[in-house]
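Now for the letters of each chain:
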Amino acid sequence: MAKQEDLFKNVISHAKEYGYIFASSEIYDGLSAVYDYGQNGAELKNNIKEYWWRSMTQLHQNIVGLDAAILMHPTTWKASGHVDAFNDPLIDNKDSKKRYRADVLVEDHAEKLLQKAEKEIAKAKKRFGDDFDEEMYKETNPRVKRYLGERKEILERLAKSLTNEDLADVKALIEELEIADPETGSRNWTEVRQFNLMFGTKLGASAESATQLYLRPETAQGIFVNFLNVQKTGRMKIPFGIAQIGKAFRNEIVARQFIFRMREFEQMEMQFFVRPGEELEWYEKWKETRLKWHKSLGLGEENYRLHDHEKLAHYANAAADIEFDFPFGFKELEGIHSRTDFDLKAHEEFSGKKLRFYDPELKENYVPYVIETSIGLDRMFLSVLSATLKEEELEDGNTRTVLKLPAVLAPTKAAILPLVKKDGLPEMAQKIVDELKWDFKVQYDEKDAIGRRYRRQDAVGTPLCITVDHESLEDNSVTVRFRDSMEQKRVPITELESIIRKETDFKTWMKDFAE
Ligand code: GAP
């Protein structure tokens, strides 16, 4: 655990040192849970967006994009249920004055029981070797059975109390489980209260005539209200999807863990419209497709797990999270929800406009059902950084810090380095930059000894270094150094474009994983 905490601290400081993430308005001491992306962060973020956008809208003929406004008509949020139900249950500790999400306190307690069970299982696996039957062990080992049973009971009770809005029972659960303030150990809690997460703002010049608006807490509603616009103008037939990337805002009670939980963040959401009755089939398909997409980036299959929801949101008839093993444990990275016809029906009701599809095969009009895939761009960013930041021991006894970013996402694809700052090498290196820059983001770097420049590019995550030396002047060849293996290869300059393309191209990364 200590190691994981260290990793998290390292990720945060590395992100700052190498121009990935800065605290927002840092010169004024920052703003809680709001962050800015620096020169490398902006590139990495754009590359993640592009990887998602192209997978959705380019590899699927029946998915198109949208870019809806952040500000929407306020009735949108009445219809979607956000005004009445977009609440988190909060609890304060009377001694420490710290505020927590009551459900998260209980979930963290349940997670600890799971970790205890997993520890016992791992020990038994080691003891019994190949003969080990995990399922049988879970059912028969009294300790493991108790941990898992208690966990299940706790989560079921929490789900029931939240569904019934029984906040007194959530408080009772916290007391019965003897959950203490994680920072101080105090058990002196207030009652549990609901807190709406939407940020309000005003539209209009004078206070009297101003209209109450909200900063959107999810991008999805921009898709729902445009469903017919896109369907009709794009002549889309069901099943089809609308994808969108954009900012969302939530006044999170407990905003912590760096960019994991922010007050201003970005989502990449896709709503897939299907025939009623076919939604659960599509839901399973999208779970599988999205998991494959994540795995295509090679961050380690063991870092992902699917978690089916016990408590369903008011709009869903099935829901699961793709969780990622962040430095602070497995947490939600992406949500996949079968949202039924809740949203479109609600917008029909509140707007008085029909939001229906005429199905030429069935010869009937209906409100489509929706499968949603929703991933936080910033969380994805954090998963990429934390899975790829490594301290490596080298054969010569030295260590290096390397960010093994998937090359397709790396901010800079190649650094072009003249071995020395004279003899015409800088000019030749600059010429290579001028050739390659039309196709790739490349960077010229001539400062410091070559070894230090390699280390700097390793730390920032550049997959390839191209060194121009005296031999290059004679035979037009250069040395290509690969970040992960540190292997070096002599190649003709004319091959550089295809080498970089092979390492960094979207197709290279996606093609084994696309349907
Ligand atoms: N439209 C459905 C929706 O918004 P959600 O589970 O509330 O569902 C979807 O959010 C995703 O957005 C999450 O899986 C997470 O990756 C990201 N997300 C949600 N709240 C966030 C926050 N405060 N900071 C960063 N990312 C967040």
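All of these numbers come straight from a predicted model, not from anything done at the bench. (Residues numbered from 1 in each chain as written. Predicted model: local features only at pLDDT ≥ 70, side-chain atom pairs only at ≥ 80, totals over all residues. Heavy atoms only, no water.)

Glancing now at the overall build of the protein. Across its full length, the protein holds 18 helices and 23 strands. Since a compact globule built from 515 residues should have a radius of gyration of about 24 Å, the 26 Å found for the protein is in line with a globular shape. Taken along its principal axes, the extent of the C-alpha atoms in the protein is 80 × 60 × 60 Å. Looking at the protein residue by residue over its 515 residues, the buried ones come to 50%. Averaging the coordinates of the 78 positive side-chain charges in the protein and doing the same for the 92 negative ones gives two points 1 Å apart. (Helix = DSSP H or I, 4+ residues; strand = E, 2+ residues; numbered from the N terminus. Rg over C-alpha atoms; globule rule 2.2 N^0.38 Å. Buried < 20%, exposed > 50% of the residue type's maximum accessible area, 1.4 Å probe, protein only. Lys, Arg positive; Asp, Glu negative; His and termini not counted. Charge placed at Lys NZ, Arg CZ, Asp CG, Glu CD.)

Assigned domains within the protein: domain 1 (38-84 + 197-383), domain 2 (87-194) and domain 3 (394-510). Computed from C-alpha atoms alone, the centre-to-centre distance between domain 2 and domain 3 is 49 Å. (Domains from an automatic or database assignment.)

Take the site of the ligand next. In the neighbourhood of the ligand, 20 residues make up the surrounding shell, with E218, E252, M262, E269 and E332 lying closest. Within the side chain of R250, an N or O atom sits 2.8 Å from an oxygen atom of the ligand. E332 places a side-chain nitrogen or oxygen 2.6 Å from an oxygen atom of the ligand. Of all the secondary structure elements, the ones that give two or more residues to the shell around the ligand are β10 (264-274), β13 (329-340) and β16 (369-376). By residue number, the principal contributor to the shell around the ligand is β13, which donates six residues. (Near = heavy atom within 4 Å. Polar contact = N/O pair within 3.5 Å; in protein donor to acceptor, adjacent residues only side chain to side chain.)

This next bit is on the environment of V104. Looking at where V104 falls in the secondary structure, it is placed in helix α5 (residues 102-128). Assessed through its relative accessible area of 17%, V104 is described here as buried.

To continue, consider the sheet that holds β13. A sheet is described by the order of its strands in space; here seven strands give the open sequence β3-β9-β10-β16-β13-β12-β11, paired in mixed fashion. Since the sheet does not close on itself, it has two edges, and those belong to β3 (63-66) and β11 (304-308), each with one partner. Each strand of the sheet is rotated relative to its neighbour by a mean of 25 degrees, with strand direction disregarded. Across eight bridges, the pairing between β10 and β16 is antiparallel. Residue pairing across strands places Q271 opposite E372, the latter belonging to β16. (Pairing = 2+ DSSP bridges. Axes fitted to C-alpha atoms, helices over the stretch in contact; angles between N-to-C directions.)

What follows deals with the pattern of salt bridges. Following the criterion strictly, the structure yields 50 salt bridges and no others. Salt-bridge contacts for D458 lead to R400; the nearest nitrogen and oxygen are separated by 2.9 Å. Note that D458 is positioned in helix α15 (residues 450-460) and R400 in strand β18 (residues 399-403), a separation of 58 residues in sequence. For D484, the salt bridge goes to R483, with nearest N and O atoms at 2.6 Å. (Salt bridge = Lys/Arg side-chain N within 4 Å of Asp/Glu carboxyl O.)

Turning our attention to the pairing of strand β4 (residues 87-92). With five of six residues buried, β4 is to be regarded as a mostly interior element. When β4 meets strand β6 (residues 193-196), the two strands line up antiparallel, connected through four bridges. Within β6, the residue paired with D88 across the bridge is F195. Sheet topology note: the β4/strand β5 (residues 99-101) ladder contains three bridges and is antiparallel. Across the sheet, I91 pairs through a bridge with Y100, a residue of β5. Taken together, β4 and the strand that follows it, β5, pair antiparallel across an intervening segment of six residues, in which K97 is found at a positive phi of about 65 degrees.

In this section: the packing of helix α7 (residues 142-163) against helix α8 (residues 167-176). Following both chains from N to C, one finds α7 and α8 inclined at 155 degrees, their axes separated by 9 Å at the closest point. In terms of axis orientation, α7 runs roughly antiparallel to α8. Where α7 approaches α8, its residues I154, R157, L158, S161 and L162 are matched on the opposing element by D169, V170, A172, L173 and E176. For the contact of α7 with α8, the residue count by class is six nonpolar, one polar and three charged. (Parallel < 35°, antiparallel > 145°, perpendicular 65-115°, else oblique. Contact = heavy atoms within 4.5 Å. Nonpolar A, V, L, I, M, F, W, Y, C, P; charged D, E, K, R; others polar.)

Structurally, H60 can be placed in the loop between α2 (39-58) and β3. With a relative accessible area of 15%, H60 lands in the buried category. Distance in space between the C-alpha atoms of H60 and E26 is 41 Å, their sequence separation being 34 residues. Within polar-contact distance, the side chain of H60 engages the backbone oxygen of M56 at 3.3 Å.

What follows covers the sheet that holds β6. Strands sit in the order β5-β4-β6 across an open sheet of three strands; the sheet is antiparallel. Across the chains shown, the open sheet's two edge strands, defined by having one partner strand only, are β5 and β6. Strand-to-strand twist in this sheet, taken as the mean axis angle between neighbours without regard to direction, amounts to 45 degrees. Packed on one face of the sheet, α5 meets β4 and β5 and runs near 65 degrees to β5.

Backbone torsion omega between I238 and P239 reads 10 degrees, so that peptide bond is classified as cis. Within the secondary structure, P239 is located in the loop between α10 (227-233) and β9 (240-249). Positive phi outside glycine occurs at A33, with the angle close to 60 degrees. Its place among the elements puts A33 in the loop between β1 (21-23) and β2 (35-37).

A word on the layout of surface pockets. Of the volumes computed, that of the second largest pocket is approximately 390 Å³. As for the second largest pocket, its lining consists of 18 residues, of which Q4, L7, S386, L389 and K390 are closest to the centre. Here the element with the most residues in the lining of the second largest pocket is helix α1 (residues 2-17); it accounts for five residues. Class assignment for the residues of the lining of the second largest pocket results in seven nonpolar, five polar and six charged. (1 Å grid on protein atoms, 1.4 Å probe; cavity = no way out; pocket = protein on both sides within 12 Å on 5 of 7 lines; lining within 4 Å. Points joined across faces, edges and corners; volume = space filled by probe spheres on them.)

Here we come to empty space enclosed by the protein. Counted by the stated rule, this structure contains one cavity of 30 Å³ or more. The computed volume of the largest cavity comes to approximately 40 Å³. As for the largest cavity, its lining consists of V11, H14, A15, Y20, L385, L389 and L403. Of the residues contributing to the lining of the largest cavity, the split by class is six nonpolar, one polar and no charged.

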